[in-house]
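Survey of secondary and tertiary structure
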Amino acid sequence: MDNEKLGTAIVITSGKGGVGKTTTSANIGTGLAMMGKSVVVLDADIGLRNLDVVMGLENRIVYDLVDVVEKNCRLKQGLIRDKRFEKLYLLPAAQTKDKSAVKPEQMLELVGELKKEFDYIIIDSPAGIEQGFQYSIAGADQALIVTTPEISAVRDADRVIGLLEAKGVYNPKLIINRIRPEMVKKGDMMNMEDISDILAIDLLGVVPDDEEIVISTNKGEPAVIEGKSLAGKAYMNITKRIMGEEIELLNLDSNNESTFNKIIKLLFGK
Amino acid sequence: MKNNILNFKGTKDGVYLNIKGSDFQFINKELDKRINQYLQFYQGAKFLGVKAQDLTEEQILEINLMLKYKHGFDISLEELHQEFKNVFSKYKVDPIEKEEDSSQGEEGLTKFIHGTLRSGQMIKYDGNIVVVGDVNPGAFLKAKGNIIVLGTLRGVAHAGLNGNTKSIVAAYNLLPTQLRIGDIIVRAPDEDVARYKVPEVAKIHNGEVIIEPYLPNK
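Residues numbered from 1 in each chain as written. Chains lettered and ligands numbered in written order. Predicted model: local features only at pLDDT ≥ 70, side-chain atom pairs only at ≥ 80, totals over all residues. Heavy atoms only, no water.

What follows concerns the overall build of chain B. When helices and strands are tallied, chain B shows 5 helices and 14 strands. Looking at chain B residue by residue over its 218 residues, the buried ones come to 39%. In chain B, the proportion of contacts linking residues at least 24 apart, taken out of those at least 6 apart, comes to 28%. Taken as a whole, chain B presents about 13400 Å² of accessible surface, with 51% of it coming from carbon and sulfur. (Helix = DSSP H or I, 4+ residues; strand = E, 2+ residues; numbered from the N terminus. Buried < 20%, exposed > 50% of the residue type's maximum accessible area, 1.4 Å probe, protein only. Contact = heavy atoms within 4.5 Å. Areas by Shrake-Rupley, 256 points an atom, 1.4 Å probe, with all protein chains shown as cover.)

A few words now on the interface of chain A and chain B. Accessible area lost upon the coming together of the parts serves often as the stated size of an interface. In this complex, chain A contributes 8 residues to the contact, which on the side of chain B involves 13 residues. Both sides together, the interface formed by chain A and chain B hides about 900 Å², and carbon and sulfur atoms give 46% of it. Broken down residue by residue, the surface that chain A buries against chain B is led by A:Asn59, A:Gln95 and A:Thr96, which jointly contribute 52%. Across the salt bridge formed by B:Asp190 and A:Arg60, the nearest N and O atoms sit 2.8 Å from each other. Between the two partners, chain A and chain B, sit 5 residue pairs in polar contact (both at pLDDT 80 or more). A per-class count over the side of chain A that touches chain B returns 2 nonpolar, 3 polar and 3 charged. (Buried area = accessible area lost by both parts, 1.4 Å probe. Salt bridge = Lys/Arg side-chain N within 4 Å of Asp/Glu carboxyl O. Polar contact = N/O pair within 3.5 Å; in protein donor to acceptor, adjacent residues only side chain to side chain. Nonpolar A, V, L, I, M, F, W, Y, C, P; charged D, E, K, R; others polar.)

The positions that UniProt labels "domain: CobQ/CobB/MinD/ParA nucleotide binding" (unreviewed entry) are, in the present scheme, residues 10-222 of chain A. The span residues 10-222 of chain A shows a helical share of 41% and a strand share of 19%, and its end C-alpha atoms are spaced 18 Å apart. (UniProt positions renumbered as here; feature names shortened; annotations may be inferred.)

Residues and elements named next belong to chain A. The positions that UniProt labels "binding site: ATP" (unreviewed entry) are, in the present scheme, Lys16, Gly17, Gly18, Val19, Gly20, Lys21, Thr22 and Thr23. Relative to the helices and strands, Val19 is located in the loop between β1 (8-13) and α1 (21-34). Not counting chain neighbours up to four residues away, the residues in contact with Val19 comprise Ser14, Val146, Thr148, Ala153, Asn177 and Arg178. Along the chain, Lys21 turns up in helix α1. Relative accessible area serves as the criterion here: at 6%, Lys21 is assigned to the buried category. Excluding its chain neighbours within four sequence positions, the residues that come into contact with Lys21 are Ile12, Thr13, Ser14, Lys16, Asp124, Ser125, Pro126, Ala127 and Val146.

For the rest of this paragraph, the subject is the packing of helix α5 (residues 104-117) of chain A against helix α6 (residues 131-138) of chain A. Residues and elements named next belong to chain A. Between α5 and α6, the least distance of the axes is 7 Å, while the angle of their chain directions is 30 degrees. With respect to each other, α5 and α6 are oriented roughly parallel. Relative to α6, α5 is oriented so that their crossing is right-handed. Seen from α5, the contacting residues are Pro104, Met107 and Leu108; seen from α6, they are Gln131, Gln134, Tyr135 and Ala138. When the residues that make up the contact of α5 with α6 are grouped by side-chain class, the tally is 5 nonpolar, 2 polar and no charged. (Axes fitted to C-alpha atoms, helices over the stretch in contact; angles between N-to-C directions. Parallel < 35°, antiparallel > 145°, perpendicular 65-115°, else oblique. Left-handed = near helix turned anticlockwise from the far one by under 90°.)

Next up on the list: the sheet that holds β1(A). Residue and element names in this part refer to chain A. Taking strand neighbours across the sheet as the criterion, the 8 strands line up as β3-β4-β2-β5-β1-β6-β7-β8 in an open arrangement whose pairing is mixed. Two strands bound the open sheet, and with one partner strand each, they are β3 (80-81) and β8 (202-208). Pairing between strand β6 (residues 142-147) and strand β7 (residues 173-179): 4 bridges, direction parallel. Counted as the bridge partner of Val146 is Ile175 from β7. Together, β1 and β6 form the strand contacts of helix α7 (residues 151-166), whose direction differs from that of β6 by roughly 165 degrees. (Pairing = 2+ DSSP bridges.)

This next bit is on the pattern of salt bridges. In this structure the tally under the stated criterion is 13 salt bridges over all chains. Note that A:Lys99 is salt-bridged to A:Asp45, the shortest N-O span being 2.9 Å. Highlighted residues: A:Lys99 in the loop between β4 (88-91) and α5 and A:Asp45 in the loop between β2 (39-43) and α2 (51-54), separated in sequence by 54 residues. Between B:Asp190 and B:Arg187 there is a salt bridge whose closest N-O contact spans 3.5 Å. Assessed through its relative accessible area of 36%, B:Arg187 is described here as partly exposed. Residues participating in the shared-partner salt-bridge network are A:Arg60, A:Lys83, B:Arg187 and B:Asp190.

A word on the packing of α7(A) against helix α9 (residues 192-199) of chain A. All names here are of chain A. Following both chains from N to C, one finds α7 and α9 inclined at 35 degrees, their axes separated by 10 Å at the closest point. Between α7 and α9 the crossing geometry is right-handed. Between α7 and α9, the contacting residues are Val154, Ala157, Asp158 and Ile161 on the first element and Ile195, Ile198 and Leu199 on the second. Looking at the contact of α7 with α9 residue by residue, the class counts come to 6 nonpolar, no polar and 1 charged.

All names here are of chain A. Even without being glycine, Asn171 reaches a positive phi, approximately 50 degrees. By the element assignment, Asn171 lies in the loop between α7 and β7. For Asn171, a relative accessible area of 60% gives the class exposed. Of note, Ala200 is a non-glycine position whose phi angle comes to about 50 degrees, a positive value.

Okay, a negative patch on the surface next. All names here are of chain A. On the surface, Glu211, Glu212, Glu221 and Glu226 cluster together into a negatively charged patch. By the element assignment, Glu221 lies in the loop between α10 (211-219) and α11 (223-226). Overall, Glu221 belongs to the partly exposed group, its relative accessible area being 31%. (Patch = residues over 30% accessible without salt bridge, like charges linked within 9 Å, V, L, I, M, F, W, Y side chains within 5 Å. Lys, Arg positive; Asp, Glu negative; His and termini not counted. Charge placed at Lys NZ, Arg CZ, Asp CG, Glu CD.)

One broad trend across soluble globular proteins is that nonpolar side chains are buried collectively. Residue and element names in this part refer to chain A. Counting 47 residues, the largest nonpolar core has Leu42, Leu65, Met107, Leu110 and Ile123 as the members making the most contacts within it. A per-element tally of this core places α7 first, with 6 residues. Apart from the residues lying within four places of it in its own chain, the contact partners of Leu42 are Leu51, Leu65, Leu91, Met107, Leu110, Leu114, Ile121, Ile122, Ile123 and Asp124. Ile10, Ala33, Leu144 and Ile213 belong to the second largest nonpolar core, which has 35 residues in total. (Core = buried A, V, L, I, M, F, W, Y, C linked by side-chain atoms within 4.5 Å.)

Here the focus is the pairing of β7(A). Residues and elements named next belong to chain A. Taking burial as the measure, the 7 residues of β7 include 5 buried ones, the bulk of the element. As for the winding sense of the linkage, the β-α-β connection from β6 through α7 to β7 is right-handed. Bridging between β7 and β8 involves 6 bridges; their strand directions are parallel. Paired with Ile175 across the bridge in β8 is Gly205. (Right-handed = clockwise from strand over helix to strand, strands pointing away.)

Shown next, in the form of structure tokens:
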């Protein structure tokens, strides 16, 4: 492999749990691989790993992150190749250990190694701001903040942005997940502007609340792969924006229209 | 002279048998004759062992065996076991160690787990593991011997940790994330496969892990 290459390490974090960090990591990682990039998705959530399940690679795990940083195995042995994309790898977290098993310095060294071999390193951070968060951001060049349109998630995101700045990770980008356009319209849900106002960071993308995510998660197949669902499309757009393309935000109402169109087609055979 | 060959000696801890001379046949006969005297005299006292300067270890062991099984002396099995070891170590044939090496028959002790093993829990044991319950995804079983799950095995099971390829993994409902026997690692195919709800046994056959239904009348 080209040793001159130096990839980008992106940490996906949120502060609050359950906002979609792992789903986002899996989709962005897969999306980048679909665009021909070499990618490692790194599950930093030791003790509560999920990324392997979401990517459908759980049954391939032999070594994990802790084995790699403790040098029980070589880095190459710890990396699991995705079953669909050749350039996509997963470094799973350990399940029988806890967050104290990895130190920020070890992570820094590991991410440094990975950057020599891959275009992108996507680090799926655990919830919280303790040691797990600290080592997750240790090697990161960029950060993506995932939040949902709830005041609690936004608060936590704000706190995390501050912590990232203190650690020297500047200009994080925002992903608003699980937005429900019809609720926003009625004024029952925070809209994108409200959130952007508070957090005052660049918006990288908006992902609608989508049943397809539940299905794809349970199947272990990230939604970007099929790419038909609105969430899948949104993640693909986010991927392209990470790669530097300029793409307009998805029209989230299009889902309703297309369903409507489908009914019309069904009714009138058009 | 005769009477000096066998000497029961009482101490405050119990009774010794002191044997002089090296004529094993003769000692044997004397023992048969005099044992009843002893039993009457020292009834209830603790027997501490045999002391014999002129006899070989084998002969002492034989006397001990006779005392225990012919005359009903209270000699613990551990003591005899230790003596066996002493005797056999001279010939570099240790019957007990030998069996463990051959990786069959002796598989060590068995650990029983009652209840469900959940994600992140790991059981590692030098012998066999029996789980009376389920093993959920993310849980880990590691055994030097066999693994039996009397429920659903969904986690990872590693039998024959030290490379014992004769180990098996059996479960009432065998759906492991991953199976390891010896140094072979396998997983279920990505496509859904037809399953029959019968207990199954995984073992190594010709260098591959095979899974067969467990049929009691087979």
